[in-house]
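The residues making up each chain are set out below.
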Amino acid sequence: MPKSVVLFSGGVESTVLAYQLQSQGQDLHLLAIDYGQRHRNEHAFALGTAERLDASFDELDVRGIGALLPGNSLTDQRVDVTDYEAAPLGVAHVVPNRNAVLLAIAVARAVVVQADRVVIGSIAGDARTGDCSKDFIAAFNAMERVVTADFPEQIAVVAPLIGMEKFEVIRLGESLGIPWDETWSCFRGGDAQCGTCATCYDRRSAFRKAGVDDPTLYLKD
């Protein structure tokens, strides 16, 4: 049975990926990484998905790295998470080099569990962030071919959803029976999703465009 380590957040894309991979007969190893993000409650949703799918689940604590990465709203409590309409231009929500760091950990885990590949939920709309683009995935794989050259198996990082927009991912997830209220997107964390930050805005907009009912309870309409 093919084996995949999934870089897993409990969000829309990673949850759809997990359900899709299981439907394809993959042996799933879901890896959630706590890098000090304020919305680390997403991992409770990640664990819930792992339990529903009866998949292997690991949560790795590397919160210390967040203290070294100030200046963005995900790992620096002094930087506010703004509402979508008020979001400043630039990289207010971007953690420097995040996916390169997280994928390096995931590939190391894949070597240990003898997985065939590492899977990430990057989509077409994420390409504006460099470490979610096709070019980044290709460059990262080129590096890993060098790093893991002495191991019996070469492990590739793949992004099966990278050609899809978020609304298309939601349509796919609907066909797979995703329980949408058991996924988390909000940057703010808390007990309920705020409904107004950038990720909540993208989530709500995508559901509308997909024509799929969004059962999520948001703090603000």
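Residues numbered from 1 in each chain as written. Predicted model: local features only at pLDDT ≥ 70, side-chain atom pairs only at ≥ 80, totals over all residues. Heavy atoms only, no water.

Asker: I'd like to hear about helix α4 (residues 134–147), residue by residue, with values.
Answerer: What sets the pattern is the α-helix's 3.6 residues per turn: residues three or four places apart point alike. The terminal C-alpha atoms of α4, which comprises 14 residues, lie 20 Å apart, in line with the 20 Å expected from a rise of 1.5 Å per residue. Those residues of α4 not exposed but buried are F136, I137, F140, N141 and E144. Along the axis of α4, the buried residues cluster in a sector spanning 130°; they form a single face. Away from its buried face by more than 90 degrees, α4 exposes D135 and V146. Where α4 is buried, its residues contact α3 (98–113) and β5 (156–158). (Helix = DSSP H or I, 4+ residues; strand = E, 2+ residues; numbered from the N terminus. Expected span 1.5 Å × (residues − 1). Buried < 20%, exposed > 50% of the residue type's maximum accessible area, 1.4 Å probe, protein only. Arc of directions from axis to C-beta. Contact = heavy atoms within 4.5 Å.)

Asker: Give me the pattern of salt bridges: which residues, what numbers.
Answerer: One pass over the full model with this rule turns up 5 salt bridges. Of the charged contacts, one joins R40 and D34 as a salt bridge, the two residues approaching to 3.2 Å between their closest N and O atoms. When its relative accessible area of 33% is taken as the criterion, R40 is described as partly exposed. One salt bridge connects R63 with D34, and the closest N-O pair in it is separated by 3.7 Å. Note that R63 is positioned in the loop between β3 (56–61) and α3 and D34 in strand β2 (residues 27–34), a separation of 29 residues in sequence. With a relative accessible area of 5%, D34 lands in the buried category. Through salt bridges with shared partners, a single network forms among D34, R40, D61 and R63. (Salt bridge = Lys/Arg side-chain N within 4 Å of Asp/Glu carboxyl O.)

Asker: Mind laying out the packing of helix α1 (residues 12–23) against helix α5 (residues 166–175), listing which residues take part and the relevant values?
Answerer: For the pair α1 and α5, interaxial distance at closest approach is 10 Å and the crossing angle is 40°. One way to sum up the angle between α1 and α5 is to call them oblique. Our pair here, α1 against α5, has a crossing hand that is left-handed. For the pair α1 and α5, contact is made by V12, E13, V16 and Q20 and by K166, V169, I170, L172 and G173, respectively. Tallied by class, residues from the contact of α1 with α5 come to 5 nonpolar, 2 polar and 2 charged. (Axes fitted to C-alpha atoms, helices over the stretch in contact; angles between N-to-C directions. Parallel < 35°, antiparallel > 145°, perpendicular 65-115°, else oblique. Left-handed = near helix turned anticlockwise from the far one by under 90°. Nonpolar A, V, L, I, M, F, W, Y, C, P; charged D, E, K, R; others polar.)

Asker: Which residues make up α1, and what values do they have?
Answerer: The end-to-end C-alpha distance of α1, which contains 12 residues, comes to 17 Å, matching closely the 16 Å that a straight helix rising 1.5 Å per residue would cover. Of all 12 residues that make up α1, 10 are buried, and the element is covered over most of its length. Turning to α1, its buried residues number three or more, namely V12, E13, S14, T15, V16, L17, A18, Y19, Q20 and L21. In this structure, the buried side of α1 is in contact with β1 (3–7), β2, α2 (42–53), β4 (117–119), α5 and α6 (198–210). Among the residues trailing α1, G25 stands out with phi positive, at a value near 85°.

Asker: Can you explain the side chain of K3? Please cite residues and give values.
Answerer: Here K3 is to be found in strand β1. No salt bridge is formed by the buried K3; its nearest oppositely charged neighbour, D27, is found at 4.2 Å. Among the polar contacts listed, one links the side chain of K3 to the backbone oxygen of V113, at a separation of 2.9 Å. Excluding residues that lie within four positions of it along the chain, K3 makes contacts with Q26, D27, H29, V113, Q114, A115, D116 and R117. (Lys, Arg positive; Asp, Glu negative; His and termini not counted. Polar contact = N/O pair within 3.5 Å; in protein donor to acceptor, adjacent residues only side chain to side chain.)

Asker: An account of the environment of G64 is needed here, citing residue identities and associated values.
Answerer: Inspection of the secondary structure assignment puts G64 in the loop between β3 and α3. In this structure the C-alpha to C-alpha distance between G64 and V101, which are 37 residues apart in sequence, comes to 13 Å.

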